[in-house]
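Fold and geometry: a report
Chain residues, written in single-letter form:
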Amino acid sequence: MLLANCFFYLLLILEDLFMIRILMIIATLVLLFVSYYLFNKQDIFFVLINKNDKNQGFLQFYGAAYAVLGVMGILTAFFNQRFIALVFLLIVIIVSATFSIRFAKKIAEPKQ
């Protein structure tokens, strides 16, 4: 009975570690997908904001930021440490919130 309980708890711990890794990989794929769109499909965003050099630079900057975060996500999933994963998620949330707020301000500007 004791051996069965130990095996069960070991299985729960391993399942938890693999779940974190799977979720990190999914988050990384989403970041890389968004980065691709910010780099190569900018016309989608120019429906909402003015098409000028400043806004193109804005989209390219955040495309690069999401690409770097995507690479960091791959490394984070590889190391499989909870603290590193939480720091990574905190950084992603801050960058995403910054992008969202700045993009919303650009949308609110009158289009010429």
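Conventions we followed
- Residues numbered from 1 in each chain as written.
- Predicted model: local features only at pLDDT ≥ 70, side-chain atom pairs only at ≥ 80, totals over all residues.
- Heavy atoms only, no water.
- Helix = DSSP H or I, 4+ residues; strand = E, 2+ residues; numbered from the N terminus.
- Buried < 20%, exposed > 50% of the residue type's maximum accessible area, 1.4 Å probe, protein only.
- Areas by Shrake-Rupley, 256 points an atom, 1.4 Å probe, with all protein chains shown as cover.
- Contact = heavy atoms within 4.5 Å.
- Expected span 1.5 Å × (residues − 1).
- Polar contact = N/O pair within 3.5 Å; in protein donor to acceptor, adjacent residues only side chain to side chain.

1. A word on the overall build of the protein chain
The helix and strand tally for the protein chain stands at 3 helices and 0 strands. Taken from the N to the C terminus, the helices and strands of the protein chain come in the order α-α-α. Here the protein chain holds 112 residues, and the buried ones make up 28% of them. Roughly 8000 Å² of accessible area belongs to the protein chain as shown, and the carbon and sulfur atoms make up 75% of that amount.

2. A closer look at the environment of arginine 82
Along the polypeptide, arginine 82 turns up in helix H3 (residues 82-108). Along the backbone, arginine 82 and arginine 21 are 61 residues apart, and their C-alpha atoms lie at a distance of 9.6 Å.

3. Section: the side chain of threonine 28
Checked against the element boundaries, threonine 28 lands in helix H1 (residues 2-40). Looking at threonine 28, the relative accessible area reads 3%, which means it is buried. Those residues in contact with threonine 28, other than ones at most four positions away along the chain, are Gly70, Gly73 and Ile74.

4. Comments concerning helix H2 (residues 53-79)
With 27 residues, H2 extends 39 Å from end C-alpha to end C-alpha; this agrees with the ideal 39 Å at 1.5 Å per step. For H2, the full list of buried residues reads Asn55, Phe58, Leu59, Tyr62, Gly63, Ala65, Tyr66, Leu69, Gly70, Gly73, Thr76 and Ala77. The opening residue of H2, the one whose side-chain oxygen lies 3.3 Å from the backbone nitrogen of lysine 54, is asparagine 52. Downstream of H2 by a residue or two, asparagine 80 has a phi angle that is positive, lying close to 55 degrees.

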